[in-house]
There are 2 protein chains.
Amino acid sequence: MELPIRISKDSREPIYHQIVNQFKALIAGGHLSAGTPLPSIRVLSKDLEISIITTRRAYQDLEVQGFIKTSQGKGTFVADISEDLKQEVKVTSVYNILENAVDTALSYDYSLEQVKTIFLEILKSKEKGDI
Amino acid sequence: MELPIRISKDSREPIYHQIVNQFKALIAGGHLSAGTPLPSIRVLSKDLEISIITTRRAYQDLEVQGFIKTSQGKGTFVADISEDLKQEVKVTSVYNILENAVDTALSYDYSLEQVKTIFLEILKSKEKGDI
DNA sequence: TATACTGTATATATCTATATGCACAGTATA
DNA sequence: TATACTGTGCATATAGATATATACAGTATA
């Protein structure tokens, strides 16, 4: 399975963190169902051209947070998490990042009305680019 | 002058970076006009309970980016930047962070319609909390 | 001129992310 | 059983970001 994991090595965000966030989005968003095998740490490390340790760090974090299960010798698999938890992760993640964006806009002295205008513009451009 | 600079020492974002961003917002947003003296690095360091070096790093970055002017012995002052540049900084900063938030929502498998609903909810709560 | 402010420079410390190598251990399967 | 996959553990190295202390230098002004 070809996973859409893409990392940026220049980003201020740590690589393991980028991996964690992307898997969280894929799992909570319903693109990866319980039991689906993840790539082995060696394979993912090779694909992303990063060290095994970095991949392992990401998988450990994901396991601690309950999104995946690893078993030695077998591999790593998407955990069986409740629909409720998925929803909670989705809602809080998205709500927080959107709220933060709005707060930033306000700190730049934009009015709520102006923020709304810019936001709707962005949505419009996404609709076009989507197809 | 009492500046509304607030930092979080737990944040993943570097302290000097938080300071830079907040001053940029204050200057580009029009809350600080050209010539206004900034607090000396020692005063701001004491207020924020951080080292002088960190404050200096922030001021150096702000000077490189053209937002402030420092002169040894005299102090640090808001630079005289054009209205156009201010506008550009405002627009790009806010547009980018909003777009990034929308992209994150999409990665969680939200539809554009759902993102809009959440966004409007946030705006509503901001209106109330504003007064 | 004395002093009390400004910013400047340097050497060092600490933390985090990342990388490397190697040995170990569990599992599947030809 | 042999082999080739899985994940685990550990010790160490390196680079970069971040923070600190301390001493130095310019400026304003009583």
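The preceding data block contains the structure.
Only a predicted model underlies this, so the values are computations on that prediction, with no experimental measurement involved.

Student: Please give an account of the overall build of chain A that cites residues and values.
Tutor: Along its length, chain A carries 5 helices and 2 strands. Going from the N terminus to the C terminus, chain A shows its helices and strands as α-α-α-β-β-α-α. For a compact globule of 131 residues, the expected C-alpha radius of gyration is about 14 Å, and chain A comes in at 18 Å, more than 25% above that figure. For chain A, the spread of C-alpha atoms along the principal axes amounts to about 55 × 35 × 30 Å. Out of the 131 residues belonging to chain A, those deemed buried represent 37%. Restricting the contact set of chain A to residue pairs at least 6 apart, pairs at least 24 apart contribute 48%. Split by element, the accessible area of chain A, about 7700 Å² in all, is 49% carbon and sulfur. Positive and negative charge centroids in chain A, built from 16 and 18 side chains respectively, lie 7 Å apart.

Student: Kindly report on the interface of chain A and chain B, identifying the contributing residues and their values.
Tutor: The interface is formed by 43 residues belonging to chain A together with 42 residues belonging to chain B. Here chain A meets chain B over a buried area of about 3900 Å², counting both sides, of which 71% is carbon and sulfur. Seen at the junction of chain A and chain B, the total is 4 salt bridges. Close ionic contact of B:Lys126 with A:Glu99 constitutes a salt bridge, the shortest N to O distance being 3.3 Å. The tally of links between chain A and chain B comes to 10 residue pairs in polar contact (both at pLDDT 80 or more). If one sorts the elements of the side of chain A that touches chain B by residue count, helix 4 (residues 83-107) of chain A sits on top with 17 residues.

Student: Talk me through the packing of aromatic side chains; I want residue IDs and the actual numbers.
Tutor: For any two aromatic rings, the description comes down to two numbers: the centre-to-centre distance and the angle of the planes. In total, this model carries 3 aromatic pairs over all chains according to the counting rule given. Aromatic pair A:Phe23 and A:Tyr59: ring centres 6.0 Å apart, planes at 80°, arrangement edge-to-face. Placement of A:Phe23 in helix 1 (residues 15-28) and of A:Tyr59 in helix 3 (residues 52-64) is noted, with a sequence separation of 36 residues between them. In terms of burial, A:Phe23 and A:Tyr59 fall into one category: buried. Just above the ring of B:Tyr16 sits the side chain of B:Arg57; from NZ or CZ to the centre is 4.0 Å. Seen from the ring of A:Tyr110, B:Lys90 lies directly overhead, with NZ or CZ sitting 4.4 Å from the centre.

Student: How would you summarise helix 3 (residues 52-64) of chain B if you had to cite specific residues and measurements?
Tutor: Residues and elements named next belong to chain B. In this model helix 3 runs 18 Å from its N-terminal to its C-terminal C-alpha over 13 residues, within 8% of the 18 Å that 1.5 Å per residue would give. Within helix 3 the residues assigned to the buried category are Thr 55, Ala 58, Tyr 59 and Leu 62. When helix 3 is viewed along its axis, its buried side chains cluster within an angular range of 95° and face the same direction. With respect to the buried face of helix 3, the exposed residues turned more than 90 degrees away are Ile 53 and Val 64. On the buried face of helix 3, the contacting elements are helix 1 (15-28), helix 2 (41-48), strand 1 (68-71) and strand 2 (75-78). Regarding helix 3, its N-cap is Ser 51, as a side-chain oxygen of that residue lies 3.3 Å from the backbone nitrogen of Ile 53 further along.

Student: Could you give an account of the packing of helix 1 of chain B against helix 4 (residues 83-107) of chain B, with specific residues and numbers?
Tutor: Packed helix pairs are characterised by how far apart their axes lie and by the angle those axes make with each other. Residues and elements named next belong to chain B. Contact pair helix 1 / helix 4: the axes reach a minimum separation of 9 Å and the direction vectors enclose 125°. Relative to helix 4, helix 1 is oriented oblique. Handedness of the crossing formed by helix 1 with helix 4: left-handed. Here helix 1 contributes Lys 24, Ile 27 and Ala 28 to the contact with helix 4, which in turn contributes Lys 86, Val 89 and Lys 90. Tallied by class, residues from the contact of helix 1 with helix 4 come to 3 nonpolar, no polar and 3 charged.

Definitions and limits used
- Numbering of residues starts from 1 in each chain and follows the order in which that chain's sequence is written.
- Lettering for chains starts from A, numbering for ligands starts from 1, and both go in the order in which the items are written.
- Where local features are concerned, this predicted model is filtered to residues with pLDDT of at least 70; where side-chain atom pairs are given and counted, the filter is 80 or more; whole-chain, interface and lining totals use all residues.
- Side-chain calculation: all heavy atoms of the structure are included, whereas hydrogens and water are not.
- Secondary structure elements follow DSSP: runs of H or I no shorter than four residues count as helices, runs of E no shorter than two count as strands, and numbering proceeds from the N terminus.
- Only C-alpha atoms enter the radius of gyration, while the globule expectation follows 2.2 Å times N to the 0.38, with N the number of residues.
- Three exposure classes are used, based on accessible area relative to the maximum for each residue type with a 1.4 Å probe and protein chains only: buried under 20%, partly exposed in between, and exposed over 50%.
- Note on contacts: a residue pair qualifies if any of its non-hydrogen atoms lie within 4.5 Å across the two residues.
- For the accessible areas, the method is Shrake-Rupley and the probe is 1.4 Å, while residue cover comes only from the protein chains on display.
- Charged residues are defined narrowly, with Lys and Arg counted positive, Asp and Glu counted negative, and His plus the chain ends left uncounted.
- By convention, charge coordinates are those of NZ in Lys, CZ in Arg, CG in Asp, or CD in Glu.
- Note: buried area is the sum, over both parts, of the accessible area (probe 1.4 Å) each one loses when the two are combined.
- By salt bridge we mean one thing: a side-chain nitrogen of Lys or Arg within 4 Å of a carboxyl oxygen of Asp or Glu.
- Whenever a nitrogen or oxygen atom comes within 3.5 Å of another N or O atom, the pair is scored as a polar contact, on the condition that within protein one atom can donate a hydrogen and the other can accept it, and that pairs from neighbouring residues in sequence are kept only if both atoms are in side chains.
- Two rings from Phe, Tyr or Trp (for Trp, the six-membered ring) form a pair when their centres sit within 6.5 Å of each other. Planes less than 30 degrees apart are called stacked, planes more than 60 degrees apart edge-to-face, and all others tilted.
- Working rule: Lys NZ or Arg CZ, within 6 Å of ring centre, within 35 degrees of ring normal, means a charge sits over the ring.
- Given the number of residues in a helix, its expected span is that number minus one, multiplied by 1.5 Å.
- As used here, the arc belongs to the directions running from the helix axis to the C-beta atoms.
- The convention used is that axes are lines fitted to C-alpha atoms, helices contributing only their stretch in contact, and that angles between N-to-C directions extend from 0 to 180 degrees.
- Each angle receives one of four descriptions, namely roughly parallel if under 35 degrees, roughly antiparallel if over 145, roughly perpendicular if within 65 to 115, and oblique otherwise.
- Two helices cross in a left-handed way if the nearer one is turned anticlockwise from the farther one by less than a right angle. They cross in a right-handed way if the turn is clockwise.
- Think of it as three bins: nonpolar holds Ala, Val, Leu, Ile, Met, Phe, Trp, Tyr, Cys and Pro, charged holds Asp, Glu, Lys and Arg, and polar takes everything else, Gly as well.

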